[in-house]
Amino acid sequence: MQKKGKKEIKGRFFLRTNQGADKEGKYPIYINYSIGLKHARVSTKIRIKECEWDKDKEEIFSNDFNVSKLNLRLHLLKKALDRMIEINMEGNSEAVEISDIRKILREHASSYFSDVKEVNQRLWKMFTDNASSFYKDSMRILSDHDDTKLIGNIHGIPTPHHWMYEIGKLDFSKENNGKFGKTHSGLVYHFLLEYDLLDPNVGIYYGCKCLWDFGLNKDAEDIIAVADADWKTIKAEAIRVLNAVFIDINFSKRFKDTDNANDNTYWPFWISLHRDEDIKGVGLLALKIIMRTYERYMKDPDSFVKDVNVSNTKCRIRTRFTDEAFKSLLNKIDGINSKDSDSHHQGIRSILFEKFLNKAVEEKWLLLDFGFNYEGGDKKPYAFKVKGLGKKGKKDNKNKDSLRYMLQSLFILIDEYIKDKHIITENKNIPWKQLSGIFLTEDGSTWSPEQLKSISIKDKDGLIDKNINTYIKEINGLMEWFDDKKIDEILRNL
């Protein structure tokens, strides 16, 4: 609503149903501006069914995923027209006539829609092409592979924006020696790696796509039920082999259900190929395993246990530089299993370790990396960069082994402190794996457990490494645990 002097201009949307619907039963949405009893209106070029229009809210409602975009387009159109009316009427508000509003609508409404459509199309194409480049490069790798064949149609219908590489197909109706009867008549399983050029958000996916003949005297629902039953029987065995082959992937969580079945095609399942996964090393190999599982089932269905419930084991997500990683480290230092951690109090070894961390940060031997402060605020992150030893970290940390020497020396001192205080503790192991979850190199790179623990406190001649000697004295000076005589004794006994 806009007030211009004594006149009030009202703008609202309405569905124009008095001119008849088009072939799809849709009517155009108009925007109408009024001054008193006079009106100026123009079509928005958006057409919907009458049941999809909310008259009171002046917006579209339906299950179509484009509804939010259309409502946004209406909102932006009205905002743009309101602004044009305001600009054109500036300084002459009392002389506003409905003819002026009509002129503005004629000049700006149609151009607005054509401009928006053109810009939308141009930006969509640009971003889609950019996002597709990575996936197209991956799919091209398959073009020179003997095990794959590029196909460009389904049921003879061209699929110009789908890249599909097939590794094989299984026709149960021809090769099962009658074991499946009429249930599988006309049903063929195709094993594909596929990418939709127009939908880079989905990425590359692979799996089993079943096709059945047009004119087959069966309902689509019946054929889909057969495909689902086959997959339910095969799934557990496929996961068993896949998980045994791929050490770091839990395939029980990878299979996705389809959201459509059309043109006599249906995916019982499909799997996304992650961007960091090699299309041959993961996608192609996994698909071969799945196809061979189907093939074994086709030849000997009785060897597969029917209606097996696949384990729904939760995938383990390992993190570093988090509360969970730090708690896991402290538990490991105290020799506590993670499953029992909630029932234990913090032990003496982890208490001494935490005291060292705090002192080392104060003296700038260690620097906190606030890039890992994902909680925000003043919370200190569990991410420590190694700066160096000595007063305020003045010694340069040029030796790549500095953190390893520091940790070896620290735990030697911790164990001697416990021994000196007559505290009983069974654990004397250094948890290198968990330690790599809180420490960084000076340039912010991560450590592997192997990098940290590949050090001996003695040299090849069986003598104490002089670096260990130095670090033990420096850390003891920081913590003020022992006098010089005690340190000399500790070093002699190593």
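Okay, so let's go over this structure. Keep in mind it's a predicted model, so treat the numbers as computed, not measured.

**Some details on the overall build of the protein**
Per the secondary structure count, the protein includes 12 helices and 17 strands. Classification of the 494 residues of the protein by burial places 43% in the buried group. Counting only contacts in the protein whose residues sit at least 6 apart along the sequence, the fraction spanning at least 24 positions is 62%. Taken as a whole, the protein presents about 29,100 Å² of accessible surface, with 48% of it coming from carbon and sulfur.

**A closer look at the sheet that holds strand β15 (residues 366–368)**
Whether parallel or antiparallel, the strands of a sheet pair through hydrogen bonds between backbone atoms. Sheet architecture is open: three strands sit in the order β15-β16-β17, paired in mixed fashion. Edge strands, defined here as strands with exactly one partner in the open sheet, are β15 and β17 (439–440). Sitting on the sheet, helix α7 (residues 348–362) touches β15, β16 (384–386) and β17, and the angle it makes with β15 is about 85°. Strands in contact with helix α8 (residues 402–420) are β15, β16 and β17; relative to β16, the strand with the most contacts, it is inclined by about 110°.

**A closer look at the packing of aromatic side chains**
Within this structure, the stated rule accounts for 21 aromatic pairs. With a centroid separation of 5.9 Å and an interplanar angle of 20°, the aromatic rings of Phe-353 and Phe-411 are classed as stacked. Of this pair, Phe-353 sits in helix α7 while Phe-411 sits in helix α8; the two residues are 58 residues apart in sequence, bridging distant segments of the chain. Taking the relative accessible area as the measure of exposure, Phe-353 reaches 0% and is therefore buried. Put simply, the rings of Tyr-189, Phe-191, Trp-231, Phe-246, Phe-251, Phe-255, Phe-269 and Tyr-294 pair up and form one aromatic cluster. A cation sits over an aromatic face here: Arg-254 above Phe-251, 6.0 Å from the ring centre. One cation-aromatic arrangement involves Arg-275 over Tyr-135; the distance from NZ or CZ to the ring centre is 5.5 Å.

**Observations concerning a nonpolar patch on the surface**
Residues Val-119, Leu-123, Met-126 and Phe-127 make up a contiguous nonpolar surface patch of roughly 330 Å² in combined accessible area. Checked against the element boundaries, Leu-123 lands in helix α2 (residues 98–140).

**Observations regarding the packing of helix α4 (residues 220–245) against helix α5 (residues 279–299)**
As a packed pair, α4 and α5 sit with axes 9 Å apart at the nearest point and diverge in direction by 135°. By the criterion of interaxial angle, the relationship of α4 to α5 is oblique. Handedness of the crossing formed by α4 with α5: right-handed. On the side of α4, the interface is formed by Asp-230, Trp-231, Thr-233, Ile-234, Glu-237, Ala-238, Val-241, Leu-242 and Val-245, while α5 contributes Leu-285, Ala-286, Ile-289, Ile-290, Thr-293, Tyr-294, Arg-296 and Tyr-297. Across the contact of α4 with α5, the residue classes tally to 12 nonpolar, two polar and three charged.

**A few points about the pattern of salt bridges**
The tally for this structure, following the rule as stated, stands at 14 salt bridges. A salt bridge links Glu-237 to Arg-240, with the nearest nitrogen and oxygen atoms 2.9 Å apart. Of the two residues, Glu-237 and Arg-240 are both situated in helix α4; the distance of three residues between them amounts to about one turn of the helix. A salt bridge links Asp-420 to Lys-486, with the nearest nitrogen and oxygen atoms 3.5 Å apart. Within this pair, whereas Asp-420 is found in helix α8, its partner Lys-486 is found in helix α12 (residues 484–493), the two being separated by 66 residues in sequence. Asp-420 gets classed as partly exposed once you look at its relative accessible area, which sits at 35%. Each of Glu-237, Arg-240 and Arg-296 takes part in a single network of salt bridges with overlapping partners.

**Points about α4**
Given a rise of 1.5 Å per residue, 26 residues ought to cover 38 Å, and the 35 Å separating the end C-alpha atoms of α4 matches this to within 8%. The sharpest bend along α4 reaches about 40° and sits at Ile-234. Ile-223, Ile-224, Val-226, Ala-227, Asp-230, Trp-231, Thr-233, Ile-234, Glu-237, Ala-238, Ile-239 and Leu-242 are the residues of α4 that are buried.

**Side note on the nonpolar core**
Formed by 47 residues in total, the largest nonpolar core has its most connected members in Tyr-189, Phe-191, Tyr-206, Phe-251, Phe-255 and Tyr-294. Those elements that provide at least two residues to this core are α2, β10 (162–171), β11 (187–196), β12 (205–212), α4, β14 (265–272) and α5. Of all the elements, α5 adds the most residues to this core, at 11 residues. Not counting residues up to four positions away in its chain, the partners in contact with Phe-191 are Tyr-165, Glu-166, Ile-167, Gly-168, Lys-169, Leu-170, Gly-207, Cys-208, Leu-287, Ile-290, Met-291 and Tyr-294. Counting 42 residues, the second-largest nonpolar core is a separate cluster that includes Val-386, Tyr-405, Ile-412 and Met-479.

**Re the environment of Val-361**
Checked against the element boundaries, Val-361 lands in helix α7. With a relative accessible area of 24%, Val-361 lands in the partly exposed category.

About the criteria used
Residues numbered from 1 in each chain as written. Predicted model: local features only at pLDDT ≥ 70, side-chain atom pairs only at ≥ 80, totals over all residues. Heavy atoms only, no water. Helix = DSSP H or I, 4+ residues; strand = E, 2+ residues; numbered from the N terminus. Buried < 20%, exposed > 50% of the residue type's maximum accessible area, 1.4 Å probe, protein only. Contact = heavy atoms within 4.5 Å. Areas by Shrake-Rupley, 256 points an atom, 1.4 Å probe, with all protein chains shown as cover. Pairing = 2+ DSSP bridges. Axes fitted to C-alpha atoms, helices over the stretch in contact; angles between N-to-C directions. Phe/Tyr/Trp six-rings, centres within 6.5 Å; stacked < 30°, edge-to-face > 60°. Lys NZ or Arg CZ within 6 Å of the ring centre and 35° of its normal. Patch = residues over 30% accessible without salt bridge, like charges linked within 9 Å, V, L, I, M, F, W, Y side chains within 5 Å. Salt bridge = Lys/Arg side-chain N within 4 Å of Asp/Glu carboxyl O. Parallel < 35°, antiparallel > 145°, perpendicular 65-115°, else oblique. Left-handed = near helix turned anticlockwise from the far one by under 90°. Nonpolar A, V, L, I, M, F, W, Y, C, P; charged D, E, K, R; others polar. Expected span 1.5 Å × (residues − 1). Bend = angle between axes of the 7 residues up to and from the residue. Core = buried A, V, L, I, M, F, W, Y, C linked by side-chain atoms within 4.5 Å.

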